[in-house]
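Structure at a glance
Spelled out from the first residue to the last, the chains are:
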Amino acid sequence: MNNPFVNFTVKAIIVLIIVFFFHISILDIVDLPLFENRIILSYVINLALIIVIFGVLYLLKRKYKSQLGFLFLAGSFLKFAVFFIVFYPFYKLDNMITKLEFAAFFVPYVFGLVLESVSLSKWLNKME
């Protein structure tokens, strides 16, 4: 059975684990703190969100086929809402967001977004 949701989930987990270890390795090489700025929480939340968003789109693929793009954008809005609820207050405690804080959230967000976009476009093209 070739289920796009299962394939995407496995791919997302593998990609974000690889990106996480690469991210941590770079922090280690440049002698910066490895596990600060809620980096683990950021990767976990970003992974969960891309899996949930892809799953919702997969479940709604037949009923809302022509609105899937808008639902995808709503998923992106959800990710930003989570950032502002979960991460932003913590990052703004000292009245500034450092590059490390920004990277802790933005790196997994970007890789997840790219993976999600590419996977959805391939999946949607196969549907037609």
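Below, the structure is looked at part by part. On a predicted model such as this, the values are computed, not experimentally measured, just so you know. (Residues numbered from 1 in each chain as written. Predicted model: local features only at pLDDT ≥ 70, side-chain atom pairs only at ≥ 80, totals over all residues. Heavy atoms only, no water.)

Here we come to the overall build of the protein. In terms of helices and strands, the protein carries four helices and zero strands. Tracing the protein from N to C terminus, the helices and strands come up as α-α-α-α. Each principal axis of the C-alpha atoms in the protein carries an extent, and together these give about 50 × 30 × 15 Å. Here the protein holds 128 residues, and 36% of them are scored as buried. (Helix = DSSP H or I, 4+ residues; strand = E, 2+ residues; numbered from the N terminus. Buried < 20%, exposed > 50% of the residue type's maximum accessible area, 1.4 Å probe, protein only.)

All right, on to the packing of aromatic side chains then. Given two aromatic rings, their pairing is described by the distance between the two centres and the angle made by the two planes. Within the structure shown, the criterion is met by 16 aromatic pairs. Each ring, one from phenylalanine 20 and one from phenylalanine 35, has its centre 6.4 Å from the other, and the planes form 35°; the classification is tilted. Linking phenylalanine 20 in helix 1 (residues 4–29) with phenylalanine 35 in the loop between helix 1 and helix 2 (39–59), this pair joins segments that are 15 residues apart in sequence. Its relative accessible area of 14% is what places phenylalanine 20 among the buried residues. A relative accessible area of 52% places phenylalanine 35 in the exposed class. (Phe/Tyr/Trp six-rings, centres within 6.5 Å; stacked < 30°, edge-to-face > 60°.)

The phi dihedral of aspartate 31 falls on the positive side, at around 60°, and the residue is not glycine. With respect to the helices and strands, the residue aspartate 31 is situated in the loop between helix 1 and helix 2. Backbone geometry places asparagine 95, a non-glycine residue, at a positive phi of 65°.

Here we take up the pattern of salt bridges. Pairs may arise between side chains of opposite charge once their charged atoms sit close together. Tallied over the entire structure, the rule returns one salt bridge. We note a salt bridge from lysine 79 to glutamate 116, for which the minimum N-O separation is 2.5 Å. Of the two residues, lysine 79 is situated in helix 3 (residues 68–91) and glutamate 116 in helix 4 (residues 99–127); the sequence distance between them amounts to 37 residues. Taking the relative accessible area as the measure of exposure, lysine 79 reaches 1% and is therefore buried. (Salt bridge = Lys/Arg side-chain N within 4 Å of Asp/Glu carboxyl O.)

With that settled, the discussion passes to the nonpolar core. Grouped burial of nonpolar side chains is what soluble globular proteins tend to show. Core analysis: the biggest nonpolar cluster contains 30 residues, and Ala12, Ile39 and Leu57 have the highest contact counts within it. A per-element tally of this core places helix 2 first, with eleven residues. Non-local contacts of leucine 57, meaning those with residues more than four positions away in its chain, are made with Leu68, Leu71, Phe72, Leu120 and Trp123. (Core = buried A, V, L, I, M, F, W, Y, C linked by side-chain atoms within 4.5 Å. Contact = heavy atoms within 4.5 Å.)

With 24 residues, helix 3 should cover 34 Å at 1.5 Å per step; its first-to-last C-alpha distance of 33 Å lies within 8% of that length. A bend of about 40° at phenylalanine 84 is the largest found in helix 3. All of the buried residues along helix 3 are Leu68, Phe72, Gly75, Ser76, Lys79, Val82, Phe83, Phe87 and Tyr91. (Expected span 1.5 Å × (residues − 1). Bend = angle between axes of the 7 residues up to and from the residue.)

Nothing here speaks to function; it is all geometry.
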